[in-house]
Amino acid sequence: PDFEDVFAFARDYEWDGKPALERDSVRERLADWYIKRQGLKYIRFRTLTALSRGQSPGPESSIGKLISAPKLQEIASYGMDMLGMAGGIMDETAPMNAWFQHALLYAPGKRIAGGTDEIMRNIIAERVLGLPGDARADKDIPFDQIPTGGR
């Protein structure tokens with residue numbers, strides 16, 4: 001689920017007798033996810049522009065992944081919290097066909113695939129911002145020639 005899905009759900013779902021959309025905490029979360037969604041949209045536009053000019057995409061992929069994967073996990077977790085006890089149901093009878101539940105199980109894999117959040121931050125820091133890399137004694141040594149304690 002993305003912003004539109006959770007917005008529609010919050011508009012229609014009754015939480016403590018009133019639509020969830022009337023709660024300040026829900027609107028605050030929705031505003032945060034909307035801003036992230038818009039940022040991701042413009043990051044994708046930058047990637048498409050670079051590709052259309054025959055250029056290689058820049059750091060946009062790393063930035064996009066660093067924002068989208070945790071956002072999915074946040075939406076799924078919050079959606080399950082909104083569902084209360086129904087958040088544990090994972091079949092066709094679950095609200096929204098168990099989208100939140102499936103997304104919560106899928107999100108950790110998405111955060112690892114293609115590089116963890118920490119790796120993405122290092123890529124952005126070193127390659128985009130030009131910050132110095134981590135100090136490592138084995139930086140210029142091929143992997144198969146790194147001395148190990150047992151050999």
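The rules behind each value
- Residues numbered from 1 in each chain as written.
- Predicted model: local features only at pLDDT ≥ 70, side-chain atom pairs only at ≥ 80, totals over all residues.
- Heavy atoms only, no water.
- Helix = DSSP H or I, 4+ residues; strand = E, 2+ residues; numbered from the N terminus.
- Rg over C-alpha atoms; globule rule 2.2 N^0.38 Å.
- Contact = heavy atoms within 4.5 Å.
- Areas by Shrake-Rupley, 256 points an atom, 1.4 Å probe, with all protein chains shown as cover.
- Lys, Arg positive; Asp, Glu negative; His and termini not counted.
- Charge placed at Lys NZ, Arg CZ, Asp CG, Glu CD.
- Buried < 20%, exposed > 50% of the residue type's maximum accessible area, 1.4 Å probe, protein only.
- Expected span 1.5 Å × (residues − 1).
- pLDDT = per-residue confidence, 0-100.
- Salt bridge = Lys/Arg side-chain N within 4 Å of Asp/Glu carboxyl O.

Q: How would you explain the overall build of the protein if you had to name every residue and give the values?
A: Counting secondary structure elements, the protein contains five helices and two strands. Counting helices and strands in the order they occur from the N terminus, the protein gives α-β-β-α-α-α-α. Against the 2.2 N^0.38 benchmark of 15 Å for 151 residues, the protein shows a C-alpha radius of gyration of 20 Å, more extended than a compact globule. Dimensions along the principal axes, computed over C-alpha positions, put the protein at roughly 65 × 45 × 25 Å. If you take every contact in the protein between residues at least 6 apart in sequence, the share linking residues at least 24 apart comes to 61%. Summed over its atoms, the accessible surface of the protein is roughly 10,000 Å², and 56% of this surface lies on carbon and sulfur atoms. When the 20 basic and 22 acidic side-chain charges of the protein are each reduced to a single mean position, those positions are 6 Å apart.

Q: Which residues make up the side chain of S62, and what values go with them?
A: For S62, the location among the structural elements is in helix α3 (residues 60-83). Using a relative accessible area of 11% as the deciding quantity, one classes S62 as buried.

Q: Explain the environment of I43 to me, and be specific about the residues and the numbers.
A: Secondary-structure assignment places I43 in helix α2 (residues 24-52). The sequence separation of I43 and K71 amounts to 28 residues, and the corresponding C-alpha distance is 15 Å. Dropping the residues within four chain positions of it, I43 is found in contact with E60, I63, G64 and I67.

Q: Any details on α2? Residues and values, ideally.
A: In this model α2 runs 42 Å from its N-terminal to its C-terminal C-alpha over 29 residues, within 8% of the 42 Å that 1.5 Å per residue would give. Along α2, the residues that are buried comprise V26, L30, W33, R37, Q38, L40, I43, T47 and A50. Contacts from the buried residues of α2 go to α1 (3-12), β1 (14-15) and α3. Just downstream of α2 lies G54, where phi reads positive at about 80°.

Q: Before we move on, can you summarise the confidence of the model for the protein with the specific residues and values?
A: Looking at the protein, pLDDT values average 87 and 98% of them are 70 or higher. Of all secondary-structure elements in the protein, the lowest mean pLDDT belongs to β1, at 84, while α2 reaches the highest, 94.

Q: Go over the environment of P19 with me, naming the residues and quoting the values.
A: If you trace the backbone, P19 turns up in strand β2 (residues 18-19). For the pair P19 and F9, spaced ten residues apart in sequence, the C-alpha to C-alpha distance is 9.4 Å.

Q: I'd like to hear about the pattern of salt bridges, residue by residue, with values.
A: In the structure shown here, the tally under the stated rule is nine salt bridges. Of the charged contacts in the structure, one is a salt bridge between R27 and D24, with a shortest N-O distance of 2.4 Å. In this pair, R27 and D24 both sit in helix α2, three residues apart, roughly one turn of the helix. Judged by its relative accessible area of 55%, D24 falls in the exposed class. In this structure, the salt-bridge partner of E74 is K36, at a minimum N-O distance of 3.3 Å. One end of the pair, E74, is in helix α3; the other, K36, is in helix α2, with 38 residues separating them in the sequence. A residue is classified by how much of its surface remains accessible, and E74, at 28% relative accessible area, is partly exposed. What you see here is one network of salt bridges that share partners, running through D32, K36 and E74.

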